Structure formats: structure tokens, C-alpha cells
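Next come the chains, spelled out residue by residue.
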Amino acid sequence: MTIKVCVPRDAAALSVGADATAAAIATAAQLAGQTIQLVRTSSRGMFWLEPFVEVETASGRVGYGPVTAEDVPGLFAAGFLQGGAHPLAHGKVEAMPFLARQERLTFARAGLTDPLSLADYEAHGGLRGLRRALGMAPTAVVEEVVASGLRGRGGAGFPTGIKWRTVAGAPAQPKYVVVNADEGDSGTYSDRMVMEGDPYVLLEGMAIAGYATGASFGYIYLRSEYPHALAVLNEALATLRARGVYGRSVLGSDFAFDAEVRVGAGAYICGEETALLESLEGKRGMVRFKPPLPAIKGLFGQPTVVNNVVSLASVPIILDRGGAHYADFGMGRSRGTLPIQLAGNVKRAGLVEKAFGVTLRQLIEDYGGGTRSGRPVRAVQVGGPLGAYFDQRLLDLPLDYEALAQHKGMVGHGGIVVFDDTVDMAEQARYAMEFCAVESCGKCTPCRIGSTRGRELIEKIVRGEDVARNHRQLLALCDVMENASLCALGGMAPWPVLSALQYFPGDFGLPEKEPAHVV
């Protein structure tokens, strides 16, 4: 009997020796005279257990981890291929609390399938959304996405369906679909996990977007630091073309669509959609003035859908199960689920897909297991390097666009970075300004000059130089940057600074404030 053994092949698993583990399992099986089917799947997102190995048994998949090559002989001796007991065993994978308490829609296939097997993808619901879309009028597809309440998962939170409606209504041709895969926020990796672990769901979402808006070509703008994603995407694209899913007749229809991957040069600013378009056109990545919006005049001056990876990867399930089904998840104006990425000082770093409304405390304690150091949580940064820092008073806030915005925070890309009580928040604030200075495209003065002056002012305050005066100047500078910068890089760089000043003034040598009541 052939036994299926699954070992992840994405960058997180490879970085801790997944290839060596897979090779050791193959060798051990051969020596034991056991016939196995070794499948290289995607990661489940439980990074503290990588390499995480799964064995398919009669009663379901049994997980073991973290499994190094050196652990493999002992696992085989313990009846590993039959799901035998071992210190590295975690029982039934689906019953593991970290996974069982999630609502996985976008990441429903994570860990289950061979990322490059189109047959695997279809066996787990793939292409159903595209097939349904092709049987609908393009306007009906757009309205299904509008009804879902899907908002951009890349940071801005703009309603995806409204953007599509604008592009669909633009008369100019040709039109384009552009994927913002320039995932550069600290503590984020959900885009990478989609591209490496379930590439067809992204490519299916692109085709649906193209059909709905009248675009026949798409570009994936990929960050240069993702070589594994590049290889997987190119192979997946070749497979779709060969199988008639992409090309002149998408799944036998009259609709034509194709796409290609373009690799960026490592500039953080190219995560901003207009700078991304400039780079995609072969120019220096600099922010454009708006209007015109990219939906009206985007790539090469044509109407363009620009969506994040997870936004487009959420579309196939919306078309498959309906916008109302997706909208049943979440709260308020934040509908559906969000792939939340836990990072920093946590015991269990990894990906958690939950409906909007879960609190920061639940994420950190119930899923992250608290701090890895065992010390108290002092600060949490939500939404990447431009996100606000929250202290203990705000940990019971629900993860929701509007709830965080009330406290000068943002959901952003869904990244959560945790710090314990040893963190120096003045240094974190200084880093925020330094990051902005390094990554600024230089087009507008508030961002280009303000970020450097901001770093200098923080350094003066920390040194105790004319603290009151420099504090006032820093607040005034943050106001200018926030309200006069051309894009979110300069406009939001003050957020981590202002939140650090508000919640952790003592780290700057400023008087501590009375804790404010948090609603």
C-alpha cells in the first residue's frame, strides 16, 4: 500500500531544512521497504512547527513537527507511517487548536494540495468560481464582488467591487489587471504563502477580474526577494496555458486572458499602487499625482485594476459560493476573513485566518501563545512599519478597519508584530522615521525632508536636548507630514511615532500620562 507523506515546500519550511527532511524520509522509506508518495505541499502556517510533516492515515492526516532529517529514523521506528505515537506527534492535523479555531476561506487549501497540481486544485474546489463567472454577465460578476463587501487586503481597505465597477465602466481599451505582490511590510507573509502554496487561486482571481472588467491581460508585480514564488508562478502560468485555462479561449469561452510576472527592484515605495505602475512601465518608482485614478488612467495610461494578492485570491470563493456567503463573515463594514500574520516576540508565529472582529488579545494569547520570552506584552504594531503601536489598553480592540481607525491605527496588510516589556519605544519611533527617509521616493518635500528631520528630533529628545521645544517641533512636523505628503508613506510614517509618544512617553524622557479610558 502506498502511503502519502506531505512535506512543505514554501520558503518558510525550506529555510529550516524541509528539503533535507523530505530526502531523509524518502531514504528511510526505501530502506524499510515502504512505498510512499512524497508530496511537497504548502505550509499550514504553523511556523514554529516547521518542517511540519503530515502522514495520511485511514482516520485522517497526522502531523509531526518540527521534523529535522536527524529525527526521521526515530520516527520510522515509532511507526511514523501509521501515525504512531512520538514526542513530535501532534495528532490529527485538523483537530489541532491553532487550525481548528480558524475560518479558512482564502487559505482553505493551505497544506492540503501540491501547489502546482492543477488536478489537486480542482479536486479541492478550484476553478469553480471562474466557471460560474463565465456563465454570468460581466456586470453581474462585479456586483457579486460588491455584495461580498471585500475590501483591499493590501492596506488601503478600499472596496474591491467599487474599483472593479469603475474599471468596467471606463470606455478606453485595452484594460489591465495588475497584482500588487510587492509584499514589503514587516511581519507580513500572506501574499508569499498564496503565491508559493496556492498559485492557481491567485491566477483564477485575476482571470475573474479580467472577465468582469473587460481586461484581457494581467501583470503580477513581484518583489525581488521572492525567488520561490517567481518559480512557482511561472510554472503555474505555463500549466494554465497548456490546459486551456489561460489563453485565447479561457475554459472554452470567448474570453481571452493571459498574464506574466514582472520582478521589482526592492523599493518599498513600489508597494504604493501608482509607484508600482511607474516601475511596471520601466520608469523610476515614484508616486503619481491623483487624480486621475489608476482605475481610469493606470498602466500605460489605460484603465487598470490594481489589487493585492490576497484580495484577488479571495475572489474565487466569492464567485463559487456567492457574495452573501462571504459577507456572512466579519463585522460592520469589515466583511469576510483576514489572513492575520503573527510575528515578533510570540511563541507561535504563523498565519491565522479569522473573520473580522477577533481581538488583538485573542490573537496574541490564544493563537500566538503569548510572548516567546515569557515576559509581558508591552506593545503591538498592527499594519506594518507605518502602523500604530498599541499598548495593553488597546489589546481588546476588535480587528476591524473602523475600530482601529478610531485609535489612529490600521488593519493594513494584516501583520501583527509583538514586543515584550524590554522594547525601547523611542528607538522604535526613531526607526519609523529612518525607514521613511530611506524608502522615500523623494517626490514630495514633507516625506523626503520631514522624515530626516523627524529622526533628528527624536534623537535630540532622547538625548535630553531642549526636550519640550523639540517635542513641540516633532508634533508639528508629524502634522505636516500626515496632511501634506503625496502618498501614505510620508502620510502615515508619523503614526508609529505619535502612538509611541502617546502610550510610552517615559521612553522619550517625557512625563507619563494618566491611562486614558478606551472605548
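Residues numbered from 1 in each chain as written. Predicted model: local features only at pLDDT ≥ 70, side-chain atom pairs only at ≥ 80, totals over all residues. Heavy atoms only, no water.

**Some words on the confidence of the model for the chain**
Stage number 1. The predicted model of the chain has a mean per-residue pLDDT of 95, with 99% of residues at 70 or higher.
Stage number 2. A low-confidence stretch, residues 515-519 stays under pLDDT 50, and its non-local contacts, those more than four residues away or across chains, total 7 contacts. (pLDDT = per-residue confidence, 0-100. Contact = heavy atoms within 4.5 Å.)

**What about the sheet that holds strand β9 (residues 304-308)?**
Stage number 1. A sheet is described by the order of its strands in space; here 4 strands give the open sequence β8-β7-β6-β9, paired in parallel fashion. Only two strands of the sheet have a single neighbouring strand rather than two, namely β8 (258-263) and β9. Averaged over all pairs of adjacent strands, the angle between strand axes in this sheet comes to 20 degrees, irrespective of strand direction.
Stage number 2. Alignment of strand β6 (residues 176-181) against β9, held across 5 bridges, turns out to be parallel. If you follow Val 177 over to β9, its bridge partner there is Val 305. (Pairing = 2+ DSSP bridges. Helix = DSSP H or I, 4+ residues; strand = E, 2+ residues; numbered from the N terminus. Axes fitted to C-alpha atoms, helices over the stretch in contact; angles between N-to-C directions.)

**Thoughts on the domain arrangement of the chain**
Stage number 1. Looking at the assigned domains, one finds that the chain contains domain 1 (3-100), domain 2 (118-326), domain 3 (329-420) and domain 4 (425-508).
Stage number 2. Centre-to-centre, using C-alpha coordinates, domain 3 lies 23 Å away from domain 4.
Stage number 3. Taken residue by residue, the interface counts 16 residues in domain 3 and 16 residues in domain 4.
Stage number 4. Between domain 3 and domain 4 we count 2 salt bridges in total.
Stage number 5. The salt bridge partner of Arg 378 is Asp 507, with a shortest N-O separation of 2.8 Å.
Stage number 6. Counting the contacts that link domain 3 with domain 4 gives 4 residue pairs in polar contact (both at pLDDT 80 or more).
Stage number 7. For the side of domain 3 that touches domain 4, the elements supplying multiple residues, two or more each, are β14 (377-382) and β15 (389-390).
Stage number 8. Examining the composition of the side of domain 3 that touches domain 4, we find that 3 residues originate from one element, β14, more than from any other.
Stage number 9. Its residues placed into classes, the side of domain 3 that touches domain 4 shows 9 nonpolar, 3 polar and 4 charged. (Domains from an automatic or database assignment. Salt bridge = Lys/Arg side-chain N within 4 Å of Asp/Glu carboxyl O. Polar contact = N/O pair within 3.5 Å; in protein donor to acceptor, adjacent residues only side chain to side chain. Nonpolar A, V, L, I, M, F, W, Y, C, P; charged D, E, K, R; others polar.)

**Details of the side chain of Ser 314**
Stage number 1. In this fold, Ser 314 is placed in helix α13 (residues 309-321).
Stage number 2. Classification of Ser 314 by relative accessible area gives buried; the value is 1%.
Stage number 3. Other than its neighbours up to four places away in sequence, Ser 314 contacts Thr 106, Leu 150 and Tyr 326. (Buried < 20%, exposed > 50% of the residue type's maximum accessible area, 1.4 Å probe, protein only.)

**A word on the packing of aromatic side chains**
Stage number 1. Summed over all chains, the structure comprises 16 aromatic pairs.
Stage number 2. Each ring, one from Tyr 211 and one from Phe 255, has its centre 5.4 Å from the other, and the planes form 75 degrees; the classification is edge-to-face. Residue Tyr 211 is located in helix α10 (residues 199-213), and its partner Phe 255 is located in the loop between α11 (227-242) and β8; the two are separated by 44 residues in the primary sequence. There is no split in this pair, since Tyr 211 and Phe 255 are both buried.
Stage number 3. Relative to Phe 435, the ring of Tyr 431 lies with its centre 6.0 Å away and its plane at 50 degrees, an arrangement referred to as tilted. Placement of both Tyr 431 and Phe 435 in helix α17 (residues 425-439) is noted, with a separation of 4 residues, approximately one turn of the helix.
Stage number 4. The class of Tyr 431 is partly exposed, set by a relative accessible area of 41%. (Phe/Tyr/Trp six-rings, centres within 6.5 Å; stacked < 30°, edge-to-face > 60°.)

**Thoughts on the pairing of strand β3 (residues 53-57)**
Stage number 1. Among the 5 residues that make up β3, 4 are buried, leaving the element largely enclosed by the rest of the structure.
Stage number 2. For β3 and strand β4 (residues 60-64), the ladder comprises 5 bridges, and the chain directions are antiparallel. By the bridge assignment for β4, Val 55 is matched with Val 62.
Stage number 3. If you look at the hairpin formed by β3 and β4, you'll find 2 residues sitting between the two strands.

**Some points on helix α19 (residues 450-463)**
Stage number 1. Spanning 14 residues, α19 covers 20 Å between terminal C-alpha atoms, matching the ideal 20 Å at 1.5 Å per step.
Stage number 2. Within α19 the residues assigned to the buried category are Gly 450, Ser 451, Gly 454, Leu 457, Ile 458 and Ile 461. For α19, the buried positions fall inside an angular range of 120 degrees around the axis, keeping them on one side.
Stage number 3. On the buried face of α19, the contacting elements are α17, α18 (445-448), α20 (467-484) and α22 (494-503).
Stage number 4. Just downstream of α19 lies Gly 464, where phi reads positive at about 85 degrees. (Expected span 1.5 Å × (residues − 1). Arc of directions from axis to C-beta.)

**Some points on empty space enclosed by the protein**
Stage number 1. All told, the structure shown has 3 cavities of 30 Å³ or more when counted by the stated rule.
Stage number 2. Put simply, the largest cavity is a space of about 70 Å³.
Stage number 3. Around the largest cavity, the lining residues are Ser 42, Ser 43, Thr 106, Phe 107, Arg 109, Ala 110, Met 193, Val 194, Gly 197, Asp 198 and Val 201.
Stage number 4. Ranked by residue count, the leading element in the lining of the largest cavity is helix α9 (residues 190-197), at 3 residues.
Stage number 5. Residues belonging to the lining of the largest cavity are distributed by class as follows: 5 nonpolar, 4 polar and 2 charged.
Stage number 6. Of the pockets and cavities examined, the second largest cavity occupies roughly 50 Å³.
Stage number 7. Per-class residue counts for the lining of the second largest cavity are 7 nonpolar, 2 polar and 1 charged. (1 Å grid on protein atoms, 1.4 Å probe; cavity = no way out; pocket = protein on both sides within 12 Å on 5 of 7 lines; lining within 4 Å. Points joined across faces, edges and corners; volume = space filled by probe spheres on them.)

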